Amino acid sequence: MHLSSTLAAAVALPLASAQLNQLAQKAGKLYFGTATDTGELTNAEYVSILTNTKEFGQLTPANGMKWQFIEPENGVFNFTEGEIVSNLAAKDKQLLRCHNLVWHSQLAPWVTATTWDKANLTAMLREHVYREASHWRGQCYAWDVVNEGLNEDGTYRSDVFYDTLGDEYFKIAFEEAARADPGAKLYYNDYNIESPGPKSEGAKRIVRLIQDAGLRIDGVGLQSHFIVGETPTIDQQISNMRGFTDLGVDVAITELDIRLQLPADAENLAQQSVDYRTSVGACMQVKRCVGVTVWDFYDPFSWVPGVFAGFGDATLYFDNFTKHPAYNGVVEALTNNTKCKPRPSKMLKRSKPLIV
Ligand code: XIL
């Protein structure tokens, strides 16, 4: 696949040296990052890209900090799986997004098997959140404190936490996370909240719930698991992000991948490139969008084929480590917004400068 002349012209640095985190930081973002997982770290070529801080300035453990690893039995804590990625990030001085403290999925089975009342679930939840967040105190740039707490219509998701505690559980989780790690940015993280609509309104309600309780919430994570050709437009993504930042919180794209219907061909790969450019481009246009994380960068390690039948090739690198056209779509988004575009020479001759 070779570059179109328009794309080549839009890229300021030679593509060979254009690397994502470097470009994101140059454009004023904190990081361009990726999720990774422990089983992936034996692949030397993969690891050399993962640990290249010009490419990725931030890591998220895709699984190792989830409840099933952290507290597999009531009161028994085990941080080893999560530490593999947190230690790797520390070694290379990459930022760490810690994921996650409370989620209905990948819970340890004992949590749902127990019959709870308000008092003992509150105590157990406080203990879990405090123990986990304090274990990584000082190491997490951000914590996804609660993950996926909403239904598609914006109402609260029924799970063991909500069914017993109602919306109190959000407050409990954010309160304990703040107590445990005062330096970490505390996020609510979800999918299908990347364009305006009822679910995005639900996420705003959560932000206000925490704020109105006098507690701290610093950001909303937009997972952004998109489908090629169905990605929300840049205007939708920007106005949605602004809906959150208007409440006084940051936003971040936390799990970006854009799956295509297999097989990949020139057409769907070109559309994927446009869709990546659109999504990263939206973050570039919103000052309080702090950074972008892709949900892994190498097709064989993507969660997509295992979960969405018939879909795949959702990341930036093919099986043979060549780059998708979408890599250049990301480069284009990161590069186009670094400076104001030069004014055409005709305009420079005006006696009064145009106010833009
Ligand atoms: C996924 C992981 O990538 C998979 O390895 C695992 O089997 C299931 O979870 N939303 C989230 C992530 O917040 O934690 C999920 O990660 C993907 C969807």
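Here the structure is a predicted model, which means the values were calculated and not measured. (Residues numbered from 1 in each chain as written. Predicted model: local features only at pLDDT ≥ 70, side-chain atom pairs only at ≥ 80, totals over all residues. Heavy atoms only, no water.)

J.: Would you mind going over the nonpolar core with me for this structure?
T.: In summary, soluble globular proteins display a tendency toward joint burial of nonpolar side chains. The biggest cluster of nonpolar side chains holds 95 residues, and the ones touching the most others in it are F32, V111, W143 and F161. Residues Y31, Y141, A142 and V290 belong to the second largest nonpolar core, which totals 6 residues. (Core = buried A, V, L, I, M, F, W, Y, C linked by side-chain atoms within 4.5 Å. Buried < 20%, exposed > 50% of the residue type's maximum accessible area, 1.4 Å probe, protein only.)

J.: Help me understand the site of the ligand, please; the structure alone is not making it clear to me.
T.: Lining the immediate surroundings of the ligand are N63, K66, H99, W103, Q106, N147, E148, Q223, H225, E255, W295 and W303. A distance of 2.9 Å separates an oxygen atom of the ligand from a polar side-chain atom of N63. With respect to the ligand, the side chain of Q106 contributes an N or O atom lying 3.2 Å from an oxygen atom. Considered on its own, the ligand offers 410 Å² of accessible surface; in the complex 77% of this is hidden by protein. Split into classes, the residues belonging to the shell around the ligand amount to 3 nonpolar, 6 polar and 3 charged. (Near = heavy atom within 4 Å. Polar contact = N/O pair within 3.5 Å; in protein donor to acceptor, adjacent residues only side chain to side chain. Areas by Shrake-Rupley, 256 points an atom, 1.4 Å probe, with all protein chains shown as cover. Nonpolar A, V, L, I, M, F, W, Y, C, P; charged D, E, K, R; others polar.)

J.: Explain the pairing of strand β8 (residues 250-261) to me, please; I cannot follow it from the model alone.
T.: A regular strand places its side chains on the two faces of the sheet in alternate fashion. Most of β8 is tucked away, with 11 of its 12 residues classed as buried. Of the pairings in the sheet, the one linking strand β7 (residues 225-227) to β8 comprises 3 bridges and is parallel in character. Note on β8: the bridge partner recorded for I227 is R259. Note: β8 against strand β9 (residues 289-294), 3 bridges, orientation parallel. Across the sheet, the residue bridging to L256 is V294, located in β9. (Helix = DSSP H or I, 4+ residues; strand = E, 2+ residues; numbered from the N terminus. Pairing = 2+ DSSP bridges.)

J.: Is there a simple way to think about the packing of aromatic side chains in this case?
T.: Aromatic ring pairs are described here by two measures, namely the spacing of the ring centres and the angle between the planes. What the rule picks out here adds up to 22 aromatic pairs. Aromatic ring contacts, followed pair by pair, group F32, Y46, F56, F297, Y298, F301, Y317, F321 and Y327 into a single cluster. The side chain of R205 reaches across the aromatic face of Y156, ending 4.5 Å from its centre. Sitting over the ring of F311, R259 keeps its end group 5.8 Å from the ring centre. (Phe/Tyr/Trp six-rings, centres within 6.5 Å; stacked < 30°, edge-to-face > 60°. Lys NZ or Arg CZ within 6 Å of the ring centre and 35° of its normal.)

J.: Before we go on, may I ask you to explain the UniProt feature "active site" (unreviewed entry) in the protein in this structure?
T.: Mapped onto this structure's residue numbering, the UniProt feature "active site" (unreviewed entry) falls at E255. One can find E255 in strand β8. (UniProt positions renumbered as here; feature names shortened; annotations may be inferred.)

J.: What is the right way to read the pattern of salt bridges from this model?
T.: When the charged atoms of two side chains lie near each other, side chains of opposite charge can form a pair. Taken as a whole and assessed by the stated rule, the structure comprises 13 salt bridges. As a salt-bridge pair, R97 and D144 come within 3.0 Å of each other at their nearest N and O atoms. In this pair, R97 is assigned in strand β3 (residues 95-103) and D144 in strand β4 (residues 142-147), connecting sequence segments 47 residues apart. The buried category is assigned to R97, whose relative accessible area is 0%. The buried category is assigned to D144, whose relative accessible area is 1%. In this structure, K204 engages E201 in a salt bridge whose closest nitrogen and oxygen atoms are separated by 2.9 Å. Separated by 3 residues within a single helix, K204 and E201 lie in helix α10 (residues 198-212), roughly one turn from each other. Via salt bridges that share partners, R126, E175, E176 and R179 belong to a single interconnected network. (Salt bridge = Lys/Arg side-chain N within 4 Å of Asp/Glu carboxyl O.)

J.: Teacher, can you tell me more about the packing of helix α7 (residues 118-135) against helix α9 (residues 168-180) here?
T.: Between two packed helices, the angle of one axis relative to the other and the distance separating the axes together describe the packing. Two numbers describe how α7 lies on α9: the axes approach to 8 Å, and their chain directions differ by 35°. Here α7 and α9 pass one another in a crossing that is right-handed. Across the interface between the two elements, T122, L125, R126, V129, Y130, A133 and S134 of α7 pack against Y169, I172, A173, E175, E176, A177, R179 and A180 of α9. Partitioned by chemical class, the residues of the contact of α7 with α9 number 9 nonpolar, 2 polar and 4 charged. (Axes fitted to C-alpha atoms, helices over the stretch in contact; angles between N-to-C directions. Left-handed = near helix turned anticlockwise from the far one by under 90°. Contact = heavy atoms within 4.5 Å.)

J.: Before we go on, may I ask you to explain helix α12 (residues 266-285) in this structure?
T.: For α12, with 20 residues, the first-to-last C-alpha span of 28 Å sits near the 28 Å given by 1.5 Å per residue. Measuring from the backbone nitrogen of E267 back to the side-chain oxygen at the start of α12 gives 3.0 Å, which picks out D265 as the cap. (Expected span 1.5 Å × (residues − 1).)

J.: Before we go on, may I ask you to explain α7 in this structure?
T.: Since the α-helix turns once every 3.6 residues, residues separated by three or four places project in the same direction. Taking 1.5 Å of rise per residue, the 18 residues of α7 would be expected to cover 26 Å, and the 26 Å separating its terminal C-alpha atoms lies within 8% of that figure. Within α7 the residues assigned to the buried category are L121, M124, L125, H128, V129, E132, A133 and S134. On its buried side, α7 packs onto α4 (67-70), β3, α6 (109-113), β4, α8 (160-165) and α9. One side-chain oxygen of the residue at the start of α7 lies 3.2 Å from the amide nitrogen of A119, identifying that residue as D117.

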